[in-house]
Amino acid sequence: MAFKSEYLTKVYDKVCQRNKGEEEFLQAVREVLESLEPVVEQRPEIEKNGIIERLVEPERFIQFRVPWVDDNGNVQVNRGFRVQFNSAIGPYKGGLRLHPTVCASVIKFLGFEQIFKNSLTGLPIGGGKGGSDFDPKGKSDNEVMRFCQSFMTELSKHIGADTDVPAGDIGVGAREIGYMFGQYKRLRNEFTGVLTGKGLSYGGSLARTEATGYGLCYFTDEMIKCMKNESFKGKTVVISGSGNVAIYATQKATELGGKVVALSDSNGYIYDPNGINLDVVKQIKEVERGRIKEYVDRVQGATYTEGCKGIWTIKCDIALPCATQNELDGESADALIKNGVIAVAEGANMPSTPEAIEKFQAAGVMFGPAKAANAGGVATSALEMSQNSERLSWTFEEVDAKLKNIMVNIFHNSYNAAEKYGMKGNLVAGANIAGFDKVADAMMWQGVAY
Ligand code: NDP
């Protein structure tokens, strides 16, 4: 499908030529450009200032070698990345992902999405992302430490509290952030807020661990309240993944009155008709770093099924994909719709394929896209940066209240932007437009560097 706008067609063709084979990145760019059709039409200054062609090209893309020595004394080499995509409204900000599937395309798709997500939070943060194809699974603590130190040895040359502030993502939690922060401090002799998601004893923010999952539920609650006068109360909820986002989404959805009946990991999913016992999940995933299937050995009545996709065939009212990109396809969307799902909100980044999103929208299912629904993590990271700059710590309640307020505003800004451009209820378009507007304005004010 070509774009209606000649300008967007020309820009997108060039992106395809320049980034051949980078499917995730092209998918993310295409989705955003489709939403921007009416904006480009109504605001000719966008084309005149070359805003879109500048937006789709990262300001900087860094790729580097990460050598480290494993427990057997063998040298291992991984590939490290950092994309500094756009700094129009603030220092680059975005997580680091450690997963074998990490490559240039994945990092660029995530960094591109991050520009709009960060803008939507209303906070002064630009878009960036990074990571490595290192797989933390099965590695000892010492191996993870040596890898993180080697990774930071190069990354430290490119980041800084006012330049670029990375955080966690898949495979990067408190342990990895701690090792990286320690190495940055050793190399630079500076104690600054250069990373977020830090431990509480050295500058971390209360509620950062919970923020993405909690924020997802605050957003979803506001969405279903405003669009269908509904709430989580009495609803059956299916959540994929069992990492940071999934665990805290389960906690908040349950607190808000929902019953979460399923969780997964990359091997399979558990179904517990009585409602997931989160203490058991936390023990397995956070303390023992085990597999989700161990749940059924500890909780009666629960079942485990190999393979991830089947999770979407479980009957539910609300579905929250919280694992990884493209995990929910057209067939899974059909199954959810057939079973009467009323709302889907994305905790993971780009978990629904374009086909799945189309099906949800056609069936009238409320759909909260990732860059709006999961922005609570980065928003709270920005609150951690504020606390680090002030050298103060806020209480859990203060941070949580700010997070809730931000998520409610993100919903309304996305909803209103969609309505303004004649696409009422289409939060995919609304989030893209609301995020884009502020960045585009900042880029115009700052001019083009020759
Ligand atoms: P974690 O590493 O804590 O957990 C990831 C979970 O997803 C694990 O259960 C993992 O299972 C599962 N998973 C990973 N890859 C796959 C796959 N290919 N198929 C099925 N399941 C998979 O990561 P997070 O919870 O932090 O991140 C989850 C998603 O949320 C990502 O898309 C991330 O970008 C997004 N996100 C995270 C934020 C944060 O603050 N952490 C902020 C905003 C978005 P396994 O253990 O088997 O690998």
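Preceding this paragraph is the structure being described.
For every chain, the first residue of the written sequence is number 1, and numbering continues from 1 along that sequence. Totals for whole chains, interfaces and linings use all residues, but because this is a predicted model, local features are given only for residues with pLDDT of at least 70 and pairs of side-chain atoms are given and counted only at 80 or more. Calculation of side-chain values draws on the structure's entire complement of heavy atoms; hydrogens and water are dropped beforehand.

Draft legend 1. Here's a closer look at the side chain of Asn 349. Helix numbers and strand numbers start at the N terminus; a helix is a DSSP run of H or I with at least 4 residues, a strand a run of E with at least 2. By secondary structure assignment, the location of Asn 349 is in the loop between strand S11 (343-345) and helix H14 (354-362). Note on classification: 1.4 Å probe, protein chains only; a residue is buried when its accessible area is under 20% of the maximum for its type, exposed when over 50%, partly exposed between these limits. Accessibility expressed as a relative area gives 10% for Asn 349, which makes it buried. Side-chain atoms alone can form a polar contact between residues adjacent in sequence; in general such a contact is a pair of N or O atoms within 3.5 Å, and within protein one must be able to donate a hydrogen while the other accepts it. Within the local environment of Asn 349, its side chain forms a polar contact with the side chain of Asn 374, the two groups lying 3.1 Å apart. Each residue touching Asn 349, except ones within four places of it in the same chain, is listed here: Phe 109, Leu 110, Lys 117, Lys 129, Asp 169, Thr 324, Gln 325, Ala 370 and Asn 374. Any two residues having at least one pair of non-hydrogen atoms within 4.5 Å are treated as being in contact.

Draft legend 2. Main features of the sheet that holds strand S9 (residues 303-306). Strands are treated as partners if at least two bridges between them are detected by DSSP. Spatially, S9-S8-S7-S6-S10-S11-S12 is the arrangement adopted by the seven strands of the open sheet, whose pairing is mixed. Looking at strand neighbours, the two that pair on one side only are S9 and strand S12 (366-368), the edges of this open sheet. The sheet shows a mean angle of 15° between the axes of neighbouring strands, taken without regard to direction. Here strand S10 (residues 318-320) pairs with S11 via two bridges, running parallel. From the neighbouring strand, Ile 318 faces S11, where its bridge partner is Ala 343. Here helix H9 (residues 208-228) sits on the sheet in contact with S10, S11 and S12, set at roughly 150° to S12. Here an axis means a line fitted to C-alpha atoms, over the contact stretch when the element is a helix, while the angle between two N-to-C directions is reported on a 0 to 180 degree scale.

Draft legend 3. The arrangement of the pairing of strand S6 (residues 236-239) in detail. As defined by bridge partners, S6 adjoins strand S7 (residues 259-264) across three bridges and the pair is classed as parallel. Considered in S7, the bridge of Val 237 is made with Val 260. Each parallel crossover has a hand, and for S6 linked through helix H10 (residues 244-255) to S7 it is right-handed. Where S6 meets S10, three bridges bridge the pair, whose relative direction is parallel. Bridging from a neighbouring strand, Val 238 pairs with Ala 319 of S10. Note on handedness: a clockwise path from strand one over the helix to strand two, with the strands aimed away from the viewer, defines a right-handed crossover.

Draft legend 4. Structural detail: the site of the ligand. Near, as used in this document, describes a residue that has one of its heavy atoms within 4 Å of the molecule or strand being considered. The ligand sits among 26 residues. The nearest are Asp 169, Thr 212, Ser 266, Arg 291 and Asn 349. Arg 208 places a side-chain nitrogen or oxygen 3.0 Å from an oxygen atom of the ligand. Note that an oxygen atom of the ligand is positioned 3.5 Å from one of the backbone N or O atoms of Gly 243. Starting from 890 Å² of accessible surface for the ligand in isolation, the protein chains cover 85%. Those elements that provide at least two residues to the shell around the ligand are H9 and H10. Following the grouping adopted for this structure description, the nonpolar residues are Ala, Val, Leu, Ile, Met, Phe, Trp, Tyr, Cys and Pro, the charged ones are Asp, Glu, Lys and Arg, and the polar ones are all others, Gly among them. Here the residues of the shell around the ligand are counted per class, giving six nonpolar, 13 polar and seven charged. Just so you know, the domain bounds were taken from an automatic or database domain assignment. The residue makeup of the shell around the ligand includes at least three contributed by each of domain 2 (60-191) and domain 3 (211-373). Computed with the Shrake-Rupley method and a 1.4 Å probe, the accessible areas treat only the protein chains shown as cover for residues.

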